[in-house]
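Geometric and topological summary
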Amino acid sequence: MKRVNILDCTLRDGGYLIDSQFGNTAIKGIIRGLTESGVDVIECGFLKDEPHQNGNTVFNNASQLRSFLPEDRKQASYVCLADYSRYHIDQLEPYDGSSIDGVRACFFKEERYEVIDFCKSIINKGYKLYVQPVDILGYTDSELLELIDMVNDLEPYAFSIVDTFGSLYREDLQRVFHLVHHNLWANARIGFHSHNNLQMSFSLSQEFIEMSQGLRDVVVDSSMAGMGRGAGNTNTELVMQYMNRKFNSGYDIDIVLDLIDNYIDGFHNQYEWGYSIPYFLAGSHSAHVNNISYLATKAGIASRDINFLLNRLEPSERKRYDYDLLERTYLEYLNTICDDSNAIKELKQALSGKDILILLPGHSIVTHRDSIQNFCQKKHPVVISVNLLSAEYPIHYAYFSNKNRYQYWRSASHFHDYKKIVTSNVTTAEEKDQFIIDFSRLVKCGWEQLDNSGILLLRLLDLMDVGSIAIAGFDGYSHNNDSQNYVQKAMEKTRNTLNAEEANKDIKSMLQDYMNTRKSNCPIRFITPSHFESVVNG
């Protein structure tokens, strides 16, 4: 069996909650107790360019830690975390065996080239080097391999898989572990630092231990009672229990339970951490917990609102916290909320039991014009166009959920000849023959194409008790430069900003979700070719 080390990070990760103010008594008691319990590695706090204060776990150098460490170290190793952007490594004196023996070098992806000299200095000073890249899922495979190649030259003590945003699933961990294992210097340990946003931290830690057996020595990060910012971390007591039962490791859990009773519970009475719906949303979007904390303070905001707002941000924006950006996004969202009860009632009265033809702006409504017109003459459906006006078809309602399309057609001379159904993200202006529908009623998060107009209209019609739905012009996207996606060239999305395959996959997934969750069982059919026919036809 390859060796599994438990690294308790309570005094560092838990410090985020309390500004690292544990107090001298608690610091000494926790380090002594963890040492006696058999925990392999104890992270004692941060190394930062800040003055060390009494009772705080932020230090300038190793000498400031000596008074906190027990005389009898047993088998324990002691480390601190040094954030590359917040610590000048020249402040750290050479290793002399009287204080910490390891430094965990933490850095963002954009700092990965500059951090190598920082890491070299740690080794040259005689300390064990733990390499801690922030947000492992933020690296592409090639970027991760490049980083490992640079790190291998240093022959580090450990290289960690850091799930900064609590977003890892089992298959992600397996992929990253084997990528790291097959390319990392053979004598280096692999570490795993997780967060519990998706309620998977402990199960992933077990998975990590299991998959490493016979392959690598590993280090599992944990904290007592899961203490840590936001959703918290893997619980030290849970990992110890697992290791004792599975591998007869001999950790003294009673000592850790006493530490939780004597120190951690006092903090838990004052500060909150652990799984919650907002932190689940942070994990599912790989978003910084400060974004969640900021949005959660808004009066009356619901979890689905937070979900939507995070979805509005770019992936890179979610990983940092820009309160001005969040405020602007939040205010824009508020402006889309409206009372649409009367509009829904009137539309339901008009459409209930009717045959509906949804006319989307795909190029097939040009190539299959005769088929669509024959369908209209035979069935006499209520025709609802989507982000489109056309004299070729008997349009009864023009539906708009795309602001740009609405503004484009608004200047058309015949714009006011149509009854219009408009979602509130486009406009909330009340006009004659214009039904305003609350956008938040129709949107669902989890897809990049979440505001696809065809899907939003289908969800609206599901509230109307319509008799049947026929769909034309819902073609899907193509990368072929010779093909035309839309009825008009002017409507084309820029080719280099659209991944046609991913967009089609996203819309197909949304359509499948609609088919699985719709309340109505009215028949649906495509009358023009579409990438999505198989979803409806089964």
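Figured I'd write up the structure that's included with this text.

Each value, and the rule that gives it
- Residues numbered from 1 in each chain as written.
- Predicted model: local features only at pLDDT ≥ 70, side-chain atom pairs only at ≥ 80, totals over all residues.
- Heavy atoms only, no water.
- Pairing = 2+ DSSP bridges.
- Helix = DSSP H or I, 4+ residues; strand = E, 2+ residues; numbered from the N terminus.
- Axes fitted to C-alpha atoms, helices over the stretch in contact; angles between N-to-C directions.
- Contact = heavy atoms within 4.5 Å.
- Phe/Tyr/Trp six-rings, centres within 6.5 Å; stacked < 30°, edge-to-face > 60°.
- Buried < 20%, exposed > 50% of the residue type's maximum accessible area, 1.4 Å probe, protein only.
- Lys NZ or Arg CZ within 6 Å of the ring centre and 35° of its normal.
- Expected span 1.5 Å × (residues − 1).
- Left-handed = near helix turned anticlockwise from the far one by under 90°.
- Nonpolar A, V, L, I, M, F, W, Y, C, P; charged D, E, K, R; others polar.
- Patch = residues over 30% accessible without salt bridge, like charges linked within 9 Å, V, L, I, M, F, W, Y side chains within 5 Å.
- Areas by Shrake-Rupley, 256 points an atom, 1.4 Å probe, with all protein chains shown as cover.
- Salt bridge = Lys/Arg side-chain N within 4 Å of Asp/Glu carboxyl O.
- Lys, Arg positive; Asp, Glu negative; His and termini not counted.
- Charge placed at Lys NZ, Arg CZ, Asp CG, Glu CD.
- Arc of directions from axis to C-beta.

Details of the sheet that holds strand 11 (residues 382-386)
- Spatial strand order, 14-13-12-11-10-15-16: seven strands in an open sheet with parallel pairing. Either end of the sheet is taken by a strand with one partner, and the two such strands are strand 14 (434-437) and strand 16 (524-526). Averaged over all adjacent pairs, the angle separating strand axes in this sheet is 20°, with direction ignored.
- Bridge analysis of strand 11 against strand 12 (residues 397-400) gives three bridges, and the strand direction is parallel. Residue I384 lies in a different strand from strand 12, and its bridge partner there is Y397.
- Along the sheet face, helix 20 (residues 453-461) touches strand 10 (355-359), strand 11, strand 12, strand 13 (419-423), strand 14 and strand 15 (468-472) and points at about 145° away from the line of strand 11.

Details of the packing of aromatic side chains
- Considering all chains together, one arrives at 18 aromatic pairs under this definition.
- Judged by centre distance (5.4 Å) and plane angle (85°), the ring pair of F22 and F267 falls under edge-to-face. Within this pair, whereas F22 is found in the loop between helix 2 (15-18) and helix 3 (24-37), its partner F267 is found in helix 9 (residues 253-268), the two being separated by 245 residues in sequence. Grouping residues by exposure puts F22 and F267 together as buried.
- Through pairs of rings, three or more aromatic residues link up here, namely F177, F192 and F208.
- Just above the ring of Y16 sits the side chain of R229; from NZ or CZ to the centre is 4.0 Å.

Thoughts on unusual backbone geometry
- Even without being a glycine, H380 presents a positive backbone phi close to 50°.
- Tracing the sequence through the fold places H380 in the loop between helix 17 (369-379) and strand 11.
- Residue classification places H380 among the exposed residues on the basis of a relative accessible area of 63%.

Let's talk about helix 6 (residues 170-183)
- When the terminal C-alpha atoms of helix 6 are compared, their 20 Å separation across 14 residues agrees well with the 20 Å that a helix rising 1.5 Å per residue should span.
- Of all the positions in helix 6, only D172, L173, V176, F177, L179, V180 and H181 are classed as buried.
- Where helix 6 is buried, its residues contact helix 5 (141-152), strand 7 (158-162), strand 8 (189-193) and helix 7 (201-212).

Some details on the packing of helix 7 against helix 8 (residues 236-247)
- Axis separation between helix 7 and helix 8 bottoms out at 11 Å; the angle between their running directions is 40°. In this structure, the crossing between helix 7 and helix 8 has a hand that is right-handed. The residues of helix 8 that touch helix 7, namely those facing F202, Q206, I209 and E210, are L238, V239, Y242, M243, K246 and F247.
- Class assignment for the residues of the contact of helix 7 with helix 8 results in seven nonpolar, one polar and two charged.

What about a negative patch on the surface?
- A contiguous patch of negative charge on the surface is contributed by E36, D252, D254, D258, D261 and D265.
- With four residues, the top contributor of residues to the negative patch is helix 9.
- For D258, a relative accessible area of 43% translates into the label partly exposed.

Side note on the pairing of strand 15
- Burial within strand 15 is extensive, with five of its five residues counted as buried.
- Burial of the side chains of strand 15 extends over both faces: S468, A470 and A472 are buried on one face and I469 and I471 on the other.
- Two strands pair when backbone bridges link them, and strand 10 and strand 15 are joined in this way by five bridges, in the parallel orientation. Of the residues in strand 15, the one forming a bridge with L357 is A470.
- The pairing of strand 15 with strand 16 spans three bridges and is classified as parallel. Paired with A470 across the bridge in strand 16 is R525.

A word on a nonpolar patch on the surface
- A surface patch of nonpolar side chains, about 250 Å² in accessible area, is lined by Y275, I277 and F280.
- Its place among the elements puts I277 in helix 10 (residues 277-284).

Things to note about helix 15 (residues 341-351)
- Listed in full, the buried residues belonging to helix 15 are A343, I344, L347 and L351. In an axial view of helix 15, the angular spread of the buried residues amounts to 95°, which keeps them on one side of the axis. The exposed residues of helix 15 that point more than 90 degrees off its buried face are N342, K345 and Q349.
- Where helix 15 terminates, the next one or two residues include G353, which has phi positive at roughly 80°.

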